[in-house]
Amino acid sequence: MKIQKILNILTLLTGAIAVTVTSLWIGKQAYSWLPPQAAAESLLIDDLISFLVTLGAFIFLGVTSTLMYSVIFHRAVKDDFTDGPPIHGNITLEVVWTAIPILLVFWIAGYSYQVYEQMGIQGPSELVHLHNPLAMQSAHAEPNDVPANALAEPVEKIDVLAKQWAWVFHYPEKDITSTELHLPSDRRVRLALKSQDVLHGFYIPAFRLKQDIIPNHAIDFEFTPIRPGQYRLTDSQYSGTYFATMQANVVVESPEDYQQWLAQAATQKPSVAKNQAASEYAQTSNQSVQTGWVTVPPAAPPLVNSPG
């Protein structure tokens, strides 16, 4: 009997170690499921997702392994239709399996809120405060996540206007307007987010950044692009009929190429940018057969130096 108890303990320890190692491995694989880390802040989100995947895998494998062990080694023998032992409950076990999920929920909530604060995402409490607006916080990563030269360089300031249905980017130092967001790599960027009409959402998956843009509020939002390339900005909030067309290219380039683009765009005269929402709306309005559905007219296509 003593030997059997030792074997049971060894089996439990072996299973726990196997489940833990497998869960950690699955959690590490979660990094490869996501887009490339194009901003310093993306590491915060990736670490959080890896943690959640590891925890979820541990719970799933632990429960599944327990069920499989019970089915294989504690199943009733053939033709045994007798009742099981009359177990009426175990207060200690019930307290434990209630306390553990509660602690896990608090752990996940605390970790998630810590990342939320580090990235400086503005929630309803900061944005919808009618009489005493709170100071805007800026998105930031831990100092170790940001390249050293990015901390030494001045912040690049860009105005972002969201409207139905277009993104408009204004570079105040050069007085340049574009429908394509250009950003210098390894340099701190501060965006002044504004909405012309309704609620919009500034979302770049490769940056792991999503910030709601509230009408009549200016939101300062900072981050550091670290990976040159072309990415996609989308509207994460449903903002009307043509919201799916509200997308823009995000170009991260070296500081030298960025300055060259600014200089080149400054030489171009403002012209009307192509706007898919306005084009589709005009095409629908000219149809001989009308559907009867009321559609909000898109804002006029913006005048820009660089249409992208």
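Residues numbered from 1 in each chain as written. Predicted model: local features only at pLDDT ≥ 70, side-chain atom pairs only at ≥ 80, totals over all residues. Heavy atoms only, no water.

1. Description of the overall build of the chain
Definition in use: Where helices and strands are cited, they refer to DSSP runs of H or I of at least four residues and of E of at least two residues respectively, numbered from the N terminus. Using the Shrake-Rupley algorithm and a 1.4 Å probe, accessible areas are obtained, with residue cover drawn only from the displayed protein chains.
Along the backbone of the chain there are seven helices and twelve strands. In the form shown here, the chain has an accessible surface area of approximately 19000 Å², with 63% of it arising from carbon and sulfur atoms.

2. Quick word on the side chain of Ser 185
Counted only if it meets this: Each residue is assigned to one of three classes by its accessible area relative to the maximum for its type, calculated with a 1.4 Å probe on protein chains only: buried under 20%, partly exposed between the two thresholds, exposed over 50%.
Here Ser 185 shows up in the loop between β4 (181-184) and β5 (189-195). Residue Ser 185 is classed as buried on the basis of its relative accessible area, which comes to 5%.

3. A few points about helix α1 (residues 2-29)
Note the cut-off: By definition here, a helix of n residues has an expected span of 1.5 Å times n minus one. Here a residue-residue contact requires only that any non-hydrogen atoms of the pair lie within 4.5 Å.
A rise of 1.5 Å per residue sets the reference length of α1, with its 28 residues, at 40 Å; its end C-alpha atoms lie 41 Å apart and thus fit the reference within 8%. Residues of α1 that are buried make contact with α2 (42-73).

4. What about the UniProt feature "transmembrane region" (unreviewed entry) in the chain?
Selection rule: UniProt positions are given in the numbering used here, feature names are shortened, and annotations may be inferred rather than shown by experiment.
Here, UniProt's "transmembrane region" (unreviewed entry) annotation points to residues 7-28, 48-72 and 93-113. Within residues 7-28, the helical portion is 100% and the strand portion 0%, while the C-alpha atoms at the span's ends are 32 Å from each other. When the span residues 48-72 is considered, its composition is 100% helix and 0% strand, and the gap between its end C-alpha atoms is 36 Å.

5. Observations concerning the packing of aromatic side chains
Formally: Pairing of aromatic side chains requires ring centres within 6.5 Å, counting the rings of Phe and Tyr and the six-membered ring of Trp. Pairs whose planes differ by under 30 degrees are stacked, by over 60 edge-to-face, and all others tilted.
Under the defined criterion, the tally for this structure stands at twelve aromatic pairs. Relative to Tyr 258, the ring of Tyr 171 has its centre 6.4 Å away and its plane inclined at 55°; by these criteria the two rings are tilted. Residue Tyr 171 is found in strand β2 (residues 166-171), and its partner Tyr 258 is found in helix α6 (residues 255-266); the two are separated by 87 residues along the sequence. For Tyr 171, a relative accessible area of 2% translates into the label buried. The buried category is assigned to Tyr 258, whose relative accessible area is 1%.

6. Describing the packing of α2 against helix α3 (residues 91-119)
The condition is simple: Lines fitted to the C-alpha atoms define the axes, with helices restricted to the stretch that makes contact. Angles between their N-to-C directions range from 0 to 180 degrees. Roughly parallel covers angles under 35 degrees, roughly antiparallel covers those over 145, roughly perpendicular covers 65 to 115, and oblique covers all other angles. Nonpolar residues are Ala, Val, Leu, Ile, Met, Phe, Trp, Tyr, Cys and Pro. Charged residues are Asp, Glu, Lys and Arg, and all others, Gly as well, are polar.
One can describe the packing of α2 onto α3 by two numbers: an axis separation of 10 Å at closest approach and a directional angle of 170°. Judged by the inter-axis angle, α2 sits roughly antiparallel to α3. Counted together, Leu 44, Ile 45, Asp 47, Leu 48, Phe 51, Leu 52, Leu 55 and Ile 59 of α2 and Leu 104, Trp 107, Ile 108, Tyr 111, Ser 112, Val 115, Gln 118 and Met 119 of α3 form the full contact between these two elements. Partitioned by chemical class, the residues of the contact of α2 with α3 number 13 nonpolar, two polar and one charged.

7. Considering the pairing of β5
Let me state the cut-off plainly: Strand pairing is assigned whenever DSSP detects at least two bridges linking the two strands.
Counting buried residues along β5, five of its seven residues qualify, which places the element largely inside the surrounding structure. Where β5 and strand β8 (residues 219-223) come together, five bridges link them in antiparallel fashion. If you follow Arg 190 over to β8, its bridge partner there is Glu 222.

8. Some remarks on unusual backbone geometry
Omega for the peptide link from Gln 164 to Trp 165 comes to -5°, which places this bond in the cis form. By the element assignment, Trp 165 lies in the loop between β1 (156-163) and β2. Despite not being glycine, Asp 186 shows a phi value in the positive range, around 60°. With respect to the element layout, Asp 186 can be found in the loop between β4 and β5.

9. Describing the nonpolar core
Under the convention used in this document: Among buried residues, the Ala, Val, Leu, Ile, Met, Phe, Trp, Tyr and Cys ones that are joined through side-chain atoms within 4.5 Å form a nonpolar core.
In terms of nonpolar packing, the biggest core is built from 44 residues, with Ile 158, Trp 167, Phe 169, Tyr 171, Leu 183, Phe 202 and Phe 207 touching the most fellow members. If we ignore the near neighbours within four places in the chain, the residues touching Ile 158 are Phe 169, His 170, Tyr 171, Pro 172, Leu 181, His 182, Leu 183, Val 189, Arg 190, Leu 191, Ala 192 and Tyr 258.

10. What to know about the sheet that holds strand β3 (residues 176-178)
Across the sheet, five strands lie side by side as β3-β2-β1-β5-β8; this open sheet has mixed pairing. In this open sheet, the two edge strands, each paired with only one partner strand, are β3 and β8. On average, each strand axis in the sheet is tilted by 25° relative to the strand beside it, whichever way the strands run. As defined by bridge partners, β1 adjoins β5 across seven bridges and the pair is classed as parallel. Bridging from a neighbouring strand, Leu 161 pairs with Lys 194 of β5. Where α6 meets the sheet, its contacts fall on β1, β2 and β3, and the angle it forms with β3 comes to roughly 100°.

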